[in-house]
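Listed below, chain by chain, are the residues.
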Amino acid sequence: MASPTNGSAVELNPILKPLNWLLGTWESDEPGEGTYPSIKPFRYTEKLYFSHVGQPVINFMFNAFHAESNKPLHRECGFIRIQPGTNRVAFIIAQNSGLVEIEEGELTGNQLKLHTQSLGRISFAKDPYVQQINRVLQLRSDGKLEQTVSMATDNQPLTQHLHITYRRSS
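Note that the coordinates shown come from a computational prediction; the quantities given were computed from them, not determined experimentally.

## Some details on the packing of aromatic side chains
Next up, step 1: Within this structure, the stated rule accounts for five aromatic pairs.
Next up, step 2: Geometrically, the ring pair formed by Phe50 and Phe60 is tilted, given 6.4 Å between the ring centres and 40° between the ring planes. Placement of Phe50 in strand E5 (residues 39-51) and of Phe60 in strand E6 (residues 58-66) is noted, with a sequence separation of ten residues between them.
Next up, step 3: A residue is classified by how much of its surface remains accessible, and Phe60, at 4% relative accessible area, is buried.
Next up, step 4: Put simply, the rings of Phe50, Phe60, Phe62 and Phe91 pair up and form one aromatic cluster.

See the structure below:
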């Protein structure tokens, strides 16, 4: 799949071919479910953008909105890299909450399983601090993308936090 840069299309870097199933725009099919022991359960919608500019990296942006009010919630943006010749993948992520993380894991077919490798946060981040994130992204046989995110904080063990499915919109 080609991606525009400066008005012209560029070919996908061959290193990224195992991840080409991610490319494009994905929108939540139905509202996703957010839960965590320290917050009230919520429903959200989300739009994901995965693109490339010919480099051996995928650019991404995730935008989440409250399902009922449509108010902006969470934002993430960053880059996805794959270690050449392996199934090792890294997400480099900046979040609007002030959290910056590196998640690493493995690509098996059309499934990515990632976990926190490194975390950084702004000096005035809210307690409790996130300590670990696990993420599973998979392209299902029905063509939908599914994401499950689990999180651990200073005072909560690793617990499922988010679950949502998306349909490709472009």
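Still to come is the rest of the account.
## Here we look at the nonpolar core
Across soluble globular proteins, nonpolar side chains show a tendency to be buried alongside one another.
Next up, step 1: Membership of the largest hydrophobic core comes to 33 residues, with the highest contact counts inside it found for Leu19, Phe50, Ile80, Phe91, Leu112 and Leu145.
Next up, step 2: In this view, Leu145 contacts Trp21, Leu22, Trp26, Leu48, Phe50, Leu137, Gln138, Leu139, Ile164, Thr165 and Tyr166; residues no more than four positions away in its chain are not counted.

## Thoughts on the pattern of salt bridges
Next up, step 1: Applying the stated criterion to the full structure yields nine salt bridges.
Next up, step 2: For Arg167, the salt bridge is made with Asp29, and the minimal N-O distance between the two is 3.9 Å. Of the two residues, Arg167 sits in strand E13 (residues 156-168) while Asp29 sits in the loop between strand E3 (24-28) and strand E4 (32-36), which places them 138 residues apart along the sequence.
Next up, step 3: We classify Arg167 as partly exposed; its relative accessible area is 37%.
Next up, step 4: Judged by relative accessible area, Asp29 falls into the partly exposed class, the value being 30%.
Next up, step 5: Across the pair Asp142 and Arg140 runs a salt bridge whose closest N-O atoms are separated by 2.7 Å.

## As for unusual backbone geometry
Next up, step 1: The peptide bond linking Asp127 to Pro128 adopts the cis configuration, its omega dihedral lying at -10°.
Next up, step 2: With respect to the helices and strands, Pro128 occurs in the loop between strand E10 (111-121) and strand E11 (130-139).
Next up, step 3: In the Ramachandran plot, Asn70 falls in the positive-phi region, its phi being about 65° despite a non-glycine side chain.
Next up, step 4: Along the chain, the position of Asn70 falls in the loop between E6 and strand E7 (72-82).

## What to know about a nonpolar patch on the surface
Next up, step 1: Among the surface-exposed residues, Phe79, Ile92 and Ile102 lie close enough to one another that they form a single nonpolar patch of about 220 Å² accessible area.
Next up, step 2: Among the secondary structure elements, Phe79 is positioned in strand E7.
Next up, step 3: Classification of Phe79 by relative accessible area gives partly exposed; the value is 41%.

## Some details on the pairing of E6
Next up, step 1: As judged from the eight bridges shared by E5 and E6, these two strands associate in the antiparallel manner. Counted as the bridge partner of Tyr44 is His66 from E6.
Next up, step 2: In sequence, E5 turns back onto E6 through a hairpin of six residues, with Gly54 there showing a positive phi of about 95°.
Next up, step 3: Both E6 and E7 contribute to a ladder of seven bridges, which runs antiparallel.

## Points about the layout of surface pockets
Next up, step 1: Each pocket or cavity is described by its volume, and for the largest pocket that value is around 1,000 Å³.
Next up, step 2: Lining the largest pocket are 36 residues; nearest its centre among them are His74, Gln95, Ser97, Met151 and His161.
Next up, step 3: Every element with two or more residues in the lining of the largest pocket is listed here: E5, E6, E7, E11, strand E12 (145-153) and E13.
Next up, step 4: Considering each element in turn, the lining of the largest pocket owes the most residues, five residues, to E5.

## Here's the deal with the environment of Leu12
Next up, step 1: The residue Leu12 is located in the loop between strand E2 (8-10) and E3 in this model.
Next up, step 2: Distance from Leu12 to Arg140, taken between C-alpha atoms, is 23 Å for residues 128 residues apart in sequence.

## Some remarks on the environment of Leu99
Next up, step 1: With respect to the helices and strands, the residue Leu99 is situated in strand E9 (residues 99-108).
Next up, step 2: Sequence separation between Leu99 and Met151 is 52 residues, and the spatial gap between their C-alpha atoms is 13 Å.
Next up, step 3: The residues contacting Leu99, other than those within four sequence positions of it, are Ile93, Ala94, Leu119, Gly120, Arg121, Val130 and Ile133.

Conventions adopted
Here, residues in each chain are numbered from 1, in the same order as that chain's written sequence. Only residues with pLDDT of at least 70 get local features here, since the model is predicted, and only at 80 or more are side-chain atom pairs given and counted; chain-wide, interface and lining totals rely on the full set of residues. Working from all heavy atoms in the structure, the side-chain values ignore hydrogens and water. Aromatic rings from Phe, Tyr and Trp, with only the six-membered ring used for Trp, were paired whenever their centres fell within 6.5 Å, and each pair was classed as stacked if the ring planes differed by under 30 degrees, edge-to-face if by over 60, and tilted otherwise. Numbered from the N terminus, helices here are DSSP runs of H or I no shorter than four residues, and strands are runs of E no shorter than two. Exposed residues in this analysis have more than 50% of their type's maximum accessible area, buried residues have under 20%, and partly exposed residues fall in between, with area computed by a 1.4 Å probe over protein chains only. What is meant by a nonpolar core is a set of buried Ala, Val, Leu, Ile, Met, Phe, Trp, Tyr and Cys residues, joined one to another through side-chain atoms within 4.5 Å. Between two residues, a contact is recorded if the distance between any of their heavy atoms is within 4.5 Å. Any carboxyl oxygen of Asp or Glu within 4 Å of a side-chain nitrogen of Lys or Arg constitutes a salt bridge here. Put simply, a patch holds well-exposed residues, over 30% relative accessible area, that have no salt bridge, with like charges counted together within 9 Å and Val, Leu, Ile, Met, Phe, Trp or Tyr side chains within 5 Å. Under the convention used here, a 1.4 Å probe and the Shrake-Rupley method define accessible areas, while residue burial counts only the protein chains that appear. Each pair of strands is called paired provided DSSP finds at least two bridges between the two strands. Points on a 1 Å grid over protein atoms alone make up a cavity when a 1.4 Å probe fits among them but cannot get out, and a pocket when they form an open set with protein on both sides within 12 Å along at least five of seven lines; lining residues each have an atom within 4 Å of a point. Grid points are joined across faces, edges and corners, and a volume is the space filled by probe spheres set on the points.

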